[in-house]
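What follows is the residue order along each chain.
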Amino acid sequence: FWRRPKESFPQHAGRFTGEPAYFKHVQKATQQLLEEVNLTPPDIDYCIFHTPNGKFPRLAAATLGFTSPQLASSLIVDKIGNTYAAATPLALAAVLDIAQANQKILLTSYGSGSGSDSFLLETTQELVDQRKSWQQFLSDQIEKLSLIDYQTYQNNISINHQ
């Protein structure tokens with residue numbers, strides 16, 4: 001993905017953004033991490049992959065041996081669309097809203113052709129205890145979103161930049 005100076009919209013390399021780019025980086029980073037920590041997909045409670053759309057993370061997860069239930073909680077892209085750089089952290093927030101103590105979360109980001117980073121997190125009771133004081137969960141915030149059409153978005157951008 002790139003946006004040229006003074007261009008309104010980003011462009012991308014079309015069919016190459018998925019294969020080989022996204023899948024090569026995401027799968028390799030994930031496989032390498034799993035090998036380093038000596039775990040396999042069944043050892044993981046939740047997996048999170050960068051979500052430019054719903055198709056890519058589903059295919060990456062299945063190819064790597066993860067199940068739909070392991071991935072499902074992170075697929076907020078189906079409700080809110082592509083949030084670009086915020087996609088992976090938002091998916092993590094959705095999983096942290098529901099994860100219990102002593103669960104493993106595998107997270108793999110993607111940098112639009114520049115690589116991926118994989119992380120393995122393990123939750124503690126402190127997450128569960130702290131969550132009791134949270135004012136809102138991400139799912140609550142998503143439910144309150146109002147969908148707008150592109151013309152409304154453009155009008156609001158114009159108003160806010162004046």
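Heads up: these notes are all about the structure in this document. As the structure is a prediction and not an experimental result, all values here were calculated from the model. (Residues numbered from 1 in each chain as written. Predicted model: local features only at pLDDT ≥ 70, side-chain atom pairs only at ≥ 80, totals over all residues. Heavy atoms only, no water.)

Here we look at helix H2 (residues 55–64)
Right, so step 1: Where H2 is concerned, the buried positions are Phe56, Pro57, Ala60, Ala61 and Leu64. Summarising the axial view, the buried residues of H2 lie within an arc of 125°, below the 170-degree limit, and thus occupy one face. Exposed positions of H2 whose direction lies more than 90 degrees from the buried face are Lys55 and Thr63.
Right, so step 2: Once H2 ends, the next one or two residues include Gly65, with phi positive near 100°. (Buried < 20%, exposed > 50% of the residue type's maximum accessible area, 1.4 Å probe, protein only. Helix = DSSP H or I, 4+ residues; strand = E, 2+ residues; numbered from the N terminus. Arc of directions from axis to C-beta.)

What about the pattern of salt bridges?
Right, so step 1: Evaluation of the coordinates by the stated rule reveals 4 salt bridges.
Right, so step 2: Arg58 is the partner of Asp78 in a salt bridge, and the nearest nitrogen-oxygen pair spans 2.5 Å. Taken together, the residues Asp78 in helix H4 (residues 77–80) and Arg58 in helix H2 connect sequence positions 20 residues apart.
Right, so step 3: Across the salt bridge formed by Glu122 and Lys104, the nearest N and O atoms sit 4.0 Å from each other. You can see Glu122 sitting in strand E3 (residues 118–122) and its partner Lys104 sitting in strand E2 (residues 104–108), a full 18 residues away along the chain.
Right, so step 4: Among the residues examined, Glu122 registers a relative accessible area of 49% and is labelled partly exposed. (Salt bridge = Lys/Arg side-chain N within 4 Å of Asp/Glu carboxyl O.)

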